[in-house]
Amino acid sequence: MPELEKKKNKYTDITTIANTTSAPPPTKKEEVPLPKSLHPAVQKAKERLIDLTKEKGINIVITDGHRSKEEQNALYEKGRSKSGDIVTHVKGGGSYHNYGLAIDFALKLDNGNVIWDMKHDGNGNGESDWMEVVAIAKDLGFEWGGDWSSFKDYPHLQMDFGFSIRELKYGDRPVVENFEEDPKSTAS
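Residues numbered from 1 in each chain as written. Predicted model: local features only at pLDDT ≥ 70, side-chain atom pairs only at ≥ 80, totals over all residues. Heavy atoms only, no water.

1. Observations concerning the overall build of the protein chain
Note the threshold: Strands here mean DSSP runs of E at least two residues long; helices mean DSSP runs of H or I at least four residues long; both are numbered from the N terminus. Here's how the labels work: a residue is buried when its accessible area is under 20% of the maximum for its type, exposed when over 50%, partly exposed in between, all with a 1.4 Å probe on protein chains only. Residue-level accessible areas treat just the shown protein chains as cover; the underlying method is Shrake-Rupley with a 1.4 Å probe.
Broken down by element type, the protein chain carries four helices and seven strands. Reading the protein chain from its N end, one meets helices and strands in the order β-β-α-β-α-β-β-α-β-β-α. By residue count, 39% of the 188 residues in the protein chain fall in the buried class. With the model as given, the accessible surface of the protein chain reaches about 10,600 Å², and the carbon-plus-sulfur share is 48%.

2. With respect to the nonpolar core
Note the cut-off: Put simply, a nonpolar core is a bunch of buried Ala, Val, Leu, Ile, Met, Phe, Trp, Tyr and Cys residues held in one set by side-chain atoms that sit within 4.5 Å of each other. Residues are treated as being in contact if the distance between any of their heavy atoms lies within 4.5 Å.
Among the nonpolar cores identified, the biggest contains 30 residues, and V42, L49, F142 and L157 are the most heavily contacted of them. Broken down by secondary-structure element, the contributors of at least two residues to this core are α1 (40-55), β4 (102-108), α3 (129-139) and α4 (165-169). Ignoring any residue separated from it by four or fewer positions in sequence, one finds L49 in contact with I60, I103, V133, I136, A137, L140 and L157.

3. Digging into unusual backbone geometry
Of note, the phi angle at F161 is positive, near 55°, even though the residue is not glycine. Relative to the elements of secondary structure, F161 occurs in the loop between β7 (156-158) and α4.

4. Some details on the pattern of salt bridges
Threshold: The working definition used for a salt bridge is a side-chain nitrogen of Lys or Arg within 4 Å of a carboxyl oxygen of Asp or Glu.
Taken as a whole and judged by the stated rule, the model has four salt bridges. We note a salt bridge from K56 to E132, for which the minimum N-O separation is 3.8 Å. Placement of the pair is K56 in the loop between α1 and β3 (60-64) and E132 in helix α3, with a sequence separation of 76 residues. Judged by its relative accessible area of 5%, E132 falls in the buried class. Ionic pairing is found between R67 and D64, a salt bridge with its closest N-O pair at 2.8 Å.

5. A closer look at the packing of aromatic side chains
Selection rule: Ring pairs shown here join Phe, Tyr and Trp side chains whose ring centres sit within 6.5 Å, with only the six-membered ring taken for Trp; geometry is labelled stacked below 30 degrees between planes, edge-to-face above 60, and tilted in between.
According to the stated counting rule, one finds two aromatic pairs in the structure shown. Ring geometry for F105 against W130: centres 4.3 Å apart, planes inclined by 35°, an arrangement best described as tilted. Here W130 lies in helix α3 and F105 lies in strand β4, a separation of 25 residues in the sequence. The pair formed by F105 and W130 is uniform in burial state, with each residue classed as buried. Summarising the aromatic geometry, the rings of W144 and Y154 are spaced 5.9 Å apart at their centres and angled 55° between planes, so their arrangement reads as tilted.

6. Thoughts on the environment of K78
Locating K78 in the fold gives a position in the loop between α2 (69-77) and β4. Residue K78 is classed as partly exposed on the basis of its relative accessible area of 36%. Separated by 10 residues in sequence, K78 and T88 place their C-alpha atoms 8.3 Å apart. Once residues lying within four places of it in the same chain are set aside, the contact partners of K78 are S83, G84, D85, I86 and V87.

7. A short note on the packing of α1 against α3
Just so we agree on the cut-off: Axis geometry follows a simple rule: fit a line to the C-alpha atoms, using only the stretch in contact for helices, then measure angles between N-to-C directions, giving values from 0 to 180 degrees. Any angle from 65 to 115 degrees is called roughly perpendicular, while one under 35 is roughly parallel, one over 145 is roughly antiparallel, and all others are oblique. Each crossing gets its handedness from the near helix: less than a right angle anticlockwise from the far helix is left-handed, clockwise is right-handed.
Orientation of α1 relative to α3, taken along the N-to-C sense of each, is 135°, at an axis distance of 10 Å. By the angle between their directions, the pair α1 and α3 is classed as oblique. Relative to α3, the crossing made by α1 is right-handed. Seen from α1, the contacting residues are L49, L52 and T53; seen from α3, they are V133, I136 and A137.

8. A closer look at α3
Regarding α3, the residues found buried are D129, W130, E132, V133, V134, I136 and A137. Lining the buried residues of α3 we find α1, β3, β4, β5 (114-115), β6 (143-144) and β7. Phi turns positive, to about 105°, at G141, one or two residues after α3.

Written out as structure tokens, the structure reads:
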């Protein structure tokens, strides 16, 4: 396992782990099951993101969190063998959602409508609400899919803890030492 370094962000005590050295090539582990919920640190950061954006007058909704392999495969078929637009380029096991390390968000208007409008300024401060959410998310340790050079995934936020999809497929999993799980942080 690579040497790990703990970092604190400016908003909260959520501890993220960053990879500080290159890891040796992964070796396949026997039948390591996929997680069934969000990683506890991602869950806590998600809840903190909702609270911090609300303080800025921005309501968000988490449209997706942990995703099973079957759910991922069904999404992959959209725009291919099923009607709709292509929303993902990876099958089950190829998304950080499958490992409980990613969430998707959208903006929620006062009337209850949910929008994916990156220019909307509902709190009237002259800044895009979407980009305000992204800035807060990055401060909490999330990586934003809108920063990717190839397939831009604007609603996507993930914490990979220094693990590649390949390493996760081979059974490696991130651990947060001394993590105190909040009893209300068990639902995704």
